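Close look at the chain arrangement
Here is how the chains run, residue by residue.
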Amino acid sequence: QVQVVESGGGLVQPGGSLRLSCAASGSIFSINAMGWYRQAPGKERELVADITSGGSTNYADFVKGRFTTSRDNAKNTMYLQMNSLKPEDTAVYYCKTRARAWGKLSAADYWGQGTQVTVSS
């Protein structure tokens, strides 16, 4: 089984910064893409950014130029550096890890429980 845990959320003022982390652990054979999603109250969950095992990244238009994702493959960890935060960035941020567990023939998506980010003065 694969466990995914996010950390680093909190309350920050508009214009501030936060760094989220996502750590995958457990019976991991390999990890493919990892991604950050967010869900604000009353809204659908949406993609924020994702990153392949080779380091190629993809960003939603609403975070381009402000957020940067990276990963440390040796630690099975992904990061999201969020700068110039806006009140509309307030949401629960989730990590999705596409991983193949030992003993499994194919990869599956594993989600964390989420971490709350609140941008408010």
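Please refer to the structure higher up on the page.
Below: a short report on this structure. (Residues numbered from 1 in each chain as written. Predicted model: local features only at pLDDT ≥ 70, side-chain atom pairs only at ≥ 80, totals over all residues. Heavy atoms only, no water.)

**Focus on the pattern of salt bridges**
In the structure shown here, the tally under the stated rule is six salt bridges. Arginine 38 is paired through a salt bridge with glutamate 46; the nearest N and O atoms lie 2.9 Å apart. A residue is classified by how much of its surface remains accessible, and glutamate 46, at 32% relative accessible area, is partly exposed. Here the salt bridges share partners, and the residues they tie into one network are Arg38, Glu46, Arg66 and Asp89. (Salt bridge = Lys/Arg side-chain N within 4 Å of Asp/Glu carboxyl O. Buried < 20%, exposed > 50% of the residue type's maximum accessible area, 1.4 Å probe, protein only.)

**Points about the sheet that holds strand β8 (residues 77–82)**
Sheet architecture is open: four strands sit in the order β1-β3-β8-β7, paired in antiparallel fashion. What marks the edges here is a single partner per strand, and that holds for β1 (2–7) and β7 (67–72). Neighbour to neighbour, the strand axes of the sheet diverge by 15 degrees on average, direction disregarded. Pairing analysis gives six bridges linking β7 to β8, with the strands arranged antiparallel. Each residue of the ladder has a partner; that of arginine 71, found in β8, is methionine 78. (Pairing = 2+ DSSP bridges. Helix = DSSP H or I, 4+ residues; strand = E, 2+ residues; numbered from the N terminus. Axes fitted to C-alpha atoms, helices over the stretch in contact; angles between N-to-C directions.)

**Focus: the packing of aromatic side chains**
This model, assessed by the stated rule, comprises two aromatic pairs. Arranged with centres 4.7 Å apart and planes meeting at 85 degrees, the rings of phenylalanine 29 and tryptophan 102 form a pair that is edge-to-face. On the criterion of sequence distance, the pair formed by phenylalanine 29 in strand β4 (residues 28–39) and tryptophan 102 in the loop between β9 (91–101) and β10 (108–111) is long-range, its members being 73 residues apart. For phenylalanine 29, a relative accessible area of 40% corresponds to the partly exposed category. We note arginine 45 situated over the ring of tryptophan 111; from NZ or CZ to the ring centre the distance is 4.7 Å. (Phe/Tyr/Trp six-rings, centres within 6.5 Å; stacked < 30°, edge-to-face > 60°. Lys NZ or Arg CZ within 6 Å of the ring centre and 35° of its normal.)

**As for the pairing of strand β11 (residues 115–119)**
Burial along β11 is one-sided: the residues Thr115, Val117 and Val119 are buried and none of Gln116 and Thr118 is. Bridge count between strand β2 (residues 10–12) and β11: three bridges; the pairing is parallel. What sits directly across from leucine 11, in β11, is threonine 118. Of the pairings in the sheet, the one linking β9 to β11 comprises three bridges and is antiparallel in character. The residue of β11 that forms the bridge with tyrosine 93 is threonine 115.

**Concerning the side chain of threonine 97**
Inspection of the secondary structure puts threonine 97 in strand β9. Note on threonine 97: relative accessible area 0%, which makes it buried. Threonine 97 has contacts with Val4, Cys22, Ala24, Ile31, Ala33, Met34, Ala108, Asp109 and Tyr110, leaving out every residue within four places of it along the chain. (Contact = heavy atoms within 4.5 Å.)

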